[in-house]
Amino acid sequence: MIVGLAAPALAAPALAAPAVPASLPTAEQLRAALLTAAELPGGLSLKDSDSGRIRDSDFAVGDRCADDWPQQETEVAFAVAGFVGDTRQKDVFVGMFLGATGAANGPTIVSQIAAETDGCPGTEATGRQFVRWPLPALGDASLGVITRDLPSRRLRAAVIAQGDVLGYLVTSGLGEREAIALARTWAAKLALHFT
């Protein structure tokens, strides 16, 4: 799971995962599609990164409102990177989590996250952990979400499906325009690698 962002739970009915093609991107190909320090706002440096294979609910198709949702996982090739630094006396974090889900699964997961963000049955609007963040359409499907991991820290997450991959871009300490610009930059890089 990406640093500081728990996967949202969704209100969509349980679905069987579509077949995933055997020729999905490798962890090495995913790593090459992550943004680098040179592509991020100045003053950020790599804190940690990893890649390989992972079993994670962030890449699973299913009912994110179900009681057993966190245990529903899908194995995928993945790459993750987290960057930290200070810009204009603010602590800034940028994290990317990218998985090879298959072209049919990425947009489905985005729509399921959107449904959960809008409220699982029985969830009051005031009790929601996630709310929508207006984000321009990116990739094959996308969604912006805002949450807090600490009372004083707001996280913006852009969920982007592009070709055979699904990516989560999480930022804190950036203004809205900067976060949107970063999401556009990453979406363009994903399109170059996975269209």
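Cut-offs applied
Residues numbered from 1 in each chain as written. Predicted model: local features only at pLDDT ≥ 70, side-chain atom pairs only at ≥ 80, totals over all residues. Heavy atoms only, no water. Helix = DSSP H or I, 4+ residues; strand = E, 2+ residues; numbered from the N terminus. Buried < 20%, exposed > 50% of the residue type's maximum accessible area, 1.4 Å probe, protein only. Contact = heavy atoms within 4.5 Å. Pairing = 2+ DSSP bridges. Phe/Tyr/Trp six-rings, centres within 6.5 Å; stacked < 30°, edge-to-face > 60°.

**A few points about the environment of S172**
Right, so step 1: Counting through the fold element by element, S172 comes out in strand β7 (residues 165-172).
Right, so step 2: Take S172: its relative accessible area is 2%, and that puts it in the buried class.
Right, so step 3: The spatial distance from the C-alpha of S172 to the C-alpha of D91 is 7.9 Å, given a sequence separation of 81 residues.
Right, so step 4: Leave out the neighbours within four places in its chain, and S172 touches D91, V92, F93, R153, R154 and L155.

**Some thoughts on the pairing of strand β6 (residues 153-162)**
Right, so step 1: The buried fraction of β6 is high, at eight of ten residues.
Right, so step 2: Examined bridge by bridge, β6 and β7 share seven bridges and lie antiparallel to one another. Bridging from a neighbouring strand, A158 pairs with L169 of β7.

**A few points about the environment of L35**
Right, so step 1: Tracing the chain through its elements places L35 in the loop between α1 (27-32) and β1 (44-56).
Right, so step 2: Between the C-alpha atoms of L35 and K189, which are 154 residues apart in sequence, the distance is 7.9 Å.
Right, so step 3: With sequence-adjacent residues up to four places away left out, L35 is seen in contact with L40, F83, M96, L182, T185, W186 and K189.

**Remarks on the packing of aromatic side chains**
Right, so step 1: Applying the stated rule across the entire model yields four aromatic pairs.
Right, so step 2: Geometrically, the ring pair formed by F59 and Y168 is edge-to-face, given 5.9 Å between the ring centres and 75° between the ring planes. In this pair, F59 sits in the loop between β1 and β2 (74-87) while Y168 sits in strand β7, placing the two residues 109 residues apart along the sequence.
Right, so step 3: Note on F59: relative accessible area 1%, which makes it buried.
Right, so step 4: Given a relative accessible area of 3%, Y168 falls into the buried group.
Right, so step 5: Ring centres of F97 and Y168 lie 6.4 Å apart, and the angle between their planes is 35°; this geometry places the pair in the tilted category. Of this pair, F97 sits in strand β3 (residues 90-100) while Y168 is found in strand β7, placing the two residues 71 residues apart along the sequence. In this structure, F97 and Y168 share a single accessibility class: buried.
Right, so step 6: By the ring-pair criterion, three or more aromatic residues cluster together here, those being F59, F78, F97 and Y168.

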